[in-house]
Amino acid sequence: MASQQSAPSRYDVAIAGGGIIGVCTALFLRQAGLSVAVFDKGQPGYEQSSRNWGWVRTISQAMEDLPLALASRPLWRQWAGEADFGYRQCGLLSLAQDEVEWTALQAWADAARAAGFAPRRLASAAIPDLMPQSRGRWAGALYSPEDGCAEPDLAMAFLVAKARAAGVAFHADTAVKAIDIQGGQACGFWTETGRVVADSVVVAAGIWSRWLCKTAEIVLPQLKVTASVLRTEPLEGGPIPVVASSRFSVRKRRDGGYTVAQRNSSVTHVTPDAFRFMRQFMPNFLRQKKLLSVRAGLPFFQELREEQRFGKGRTNPFEAYRACDPEPDRKTLAATFERLKADMPVFRTARVAAMWAGVIDVTPDALPVLSSVGTYPGLYLATGFSAHGFGIGPAAGQLMANLITGGRPAPGQEHFTLARFGCNGERTGK
Ligand SMILES: Cc1cc2nc3c(=O)[nH]c(=O)nc-3n(C[C@H](O)[C@H](O)[C@H](O)COP(=O)(O)OP(=O)(O)OC[C@H]3O[C@@H](n4cnc5c(N)ncnc54)[C@H](O)[C@@H]3O)c2cc1C
């Protein structure tokens, strides 16, 4: 707190978190003429936003999120005209390995059609036209030619540079320790280098949003899930569209390699918050339990200890963990890669170049929170993207900027309120 004595910096909007959501929100706010600062405890973009699979998709998005996915497409296209960060509308093919999965995919397609969006349905025999590499038998597939991908690390570097050029102030390696509430109103942040004053503050802190909200006694029901990824060295003759399935998922990279992962191999740990939020998360967990392994162990006690270390005068977990870079699940990745090779022999000669993992922030209904906070005027949340915030990040940032500047609310915004969890601004005393 070295600069506590000097006059605090002052902005129209201060944002905690330099991931895709914080940066896109900052960009649109700046374009609306506001002074904006983004604070990141580490380097902007280093956590989820640069370590994801890079899918920019509509297929299998929740109906509530679909408008954001569609609204993001023209923004991605426009920005891809400014720089090459690997954005391609290469199509996304979502494969069903059996009739159960095919029924589920078709039910999603029916709902999407009712919402005005119609992906192509491919019978088994039509799949090789788009994916001649596969030797597998598939029950059917959905295909969206306008879905695609971008390189997450390059996209983040582009967005940070674009926002900076527009006049957004970036403060890297500057943890926000607490939300500053005075007179019942959010009026800035306490950062590790001093106080920052702002008319509006935005929490866009990914997996850390729950703890940052706690500093203002706001309850954000949010848990964490770890997902692992590998990439191969460049390879000729692999599939062109992004391929999603429950056996493996794969997408071609700008460098000619492939990003490989398995959709249903994420891991969540039993933590104190898992008990606190059990009632809210249980219905969705039971629906999706095949997608997730639950593990008990050390993380429970680590989180219990970390939770005690808060307060603007203390070193807290935001400073202790500058960069969340967990160990990947190498065994599961190796098994996924073997399944991919068995299905697509072209991958038999592919060499693994790297493996990594990321921790995803999830909400009870797997929808984001893009919301003001009823009890504290000036406080906004943009978080909880539940594994799909990269593709919809541009439109989510635009929606947040509209919300803060009092512009027209986006259609469907009511799905993203904090109030839907029944704890909007409640003081918990926790
Ligand atoms: C392995 C994996 C695969 C994924 N695949 C896809 C995909 O293919 N398509 C898709 O759409 N989405 C995908 N996602 C999800 C997507 O990456 C996220 O939803 C999105 O990046 C969330 O962005 P964010 O800005 O909310 O969070 P983050 O990118 O996590 O950014 C949060 C930032 O806040 C900072 N921060 C936290 N606390 C503080 C504090 N107290 N003070 C200052 N700074 C702070 C952090 O350092 C971090 O930089 C995937 C995620 C993972 C991990």
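A quick note: this is a predicted structure, and the numbers were derived from the prediction, not measured.

Q: What is the right way to look at the state of the cysteines in this model?
A: What is meant by a disulfide is a covalent connection between two cysteines, made through their sulfur atoms. Scanning the model with the defined rule gives 0 disulfides in all. In this model cysteine 149 remains outside any disulfide bridge; the closest cysteine sulfur is found in cysteine 90, 3.9 Å from its own. Residue cysteine 149 is classed as buried on the basis of its relative accessible area of 1%.

Q: Just checking my understanding: could you explain the pattern of salt bridges for this structure?
A: Pairing is possible between side chains that carry opposite charge, provided their charged atoms lie close to one another. Scanning all chains against the criterion turns up 25 salt bridges. For glutamate 146, the salt bridge is made with arginine 73, and the minimal N-O distance between the two is 3.8 Å. Of the two residues, glutamate 146 is situated in the loop between strand E6 (140–144) and strand E7 (148–149) and arginine 73 in helix H3 (residues 66–80); the sequence distance between them amounts to 73 residues. On the basis of relative accessible area, glutamate 146 is assigned to the partly exposed category, the value being 39%. Each of Arg210, Lys214, Asp273, Arg276 and Glu307 takes part in a single network of salt bridges with overlapping partners.

Q: Would you take a moment to explain the site of the ligand for this structure?
A: Looking at the ligand, there are 34 residues lining it, with Asp40, Ser49, Val176, Gly389 and Gly391 nearest. In this structure, phenylalanine 39 approaches the ligand through a main-chain N or O atom, which is 3.5 Å from a nitrogen atom. One of the backbone N or O atoms of histidine 388 is found 3.2 Å from an oxygen atom in the ligand. Considering the ligand on its own, with 1,000 Å² of exposed area, one finds that the protein chains cover 98% of that surface. A class-by-class count of the residues in the shell around the ligand yields 17 nonpolar, 13 polar and 4 charged.

Q: Looking at this model, I keep getting lost on a nonpolar patch on the surface. Mind explaining?
A: Among the surface-exposed residues, Phe275, Met278, Met282 and Leu286 lie close enough to one another that they form a single nonpolar patch of about 370 Å² accessible area. Note that methionine 278 resides in helix H9 (residues 278–288).

Q: Is there a simple way to think about unusual backbone geometry in this case?
A: When glycine is set aside, most residues are seen to have a negative phi, and most peptide bonds are trans. Its identity is not glycine, yet alanine 366 carries a phi of approximately 60 degrees, on the positive side. In this fold, alanine 366 is placed in the loop between strand E18 (352–362) and strand E19 (369–372). At alanine 387, a position not held by glycine, the phi torsion is positive, near 80 degrees.

The rules behind these values
- Along every chain, residues carry numbers that run from 1 in the direction the sequence is written.
- It should be noted that, the model being predicted, local features are given only for residues of pLDDT at least 70 and side-chain atom pairs only at 80 or more, the latter also being counted only at that level, while totals for whole chains, interfaces and linings use all residues.
- Hydrogens and waters are ignored; side-chain quantities use all the structure's heavy atoms.
- For the purposes of this analysis, a disulfide is any pair of cysteine sulfur atoms at a distance within 2.5 Å.
- The cut-offs for exposure are 20% and 50% of the maximum accessible area for each residue type, with area from a 1.4 Å probe on protein chains only; residues under the lower value are buried, those over the upper are exposed, and the others partly exposed.
- Whenever a carboxyl oxygen of Asp or Glu lies within 4 Å of a side-chain nitrogen of Lys or Arg, that contact is scored as a salt bridge.
- The secondary structure listing takes helices from DSSP runs of H or I that are at least 4 residues long and strands from runs of E that are at least 2 residues long, numbered from the N terminus.
- Whether a residue is near a molecule or strand is decided by its heavy atoms; if any one of them lies within 4 Å of it, the residue is near.
- Identification of polar contacts relies on pairs of N or O atoms within 3.5 Å, with a donor-acceptor requirement for protein atoms, meaning one able to donate a hydrogen and the other able to accept it, and with residues adjacent in sequence counted only if both atoms are side-chain atoms.
- Here the open area of atoms and residues is found with the Shrake-Rupley method and a 1.4 Å probe, where only the protein chains shown may cover a residue.
- Side-chain classes are defined by residue name, with Ala, Val, Leu, Ile, Met, Phe, Trp, Tyr, Cys and Pro counting as nonpolar, Asp, Glu, Lys and Arg as charged, and the others, Gly among them, as polar.
- Patch definition: residues with relative accessible area over 30% and no salt bridge; like charges joined within 9 Å; nonpolar side chains (Val, Leu, Ile, Met, Phe, Trp, Tyr) joined within 5 Å.

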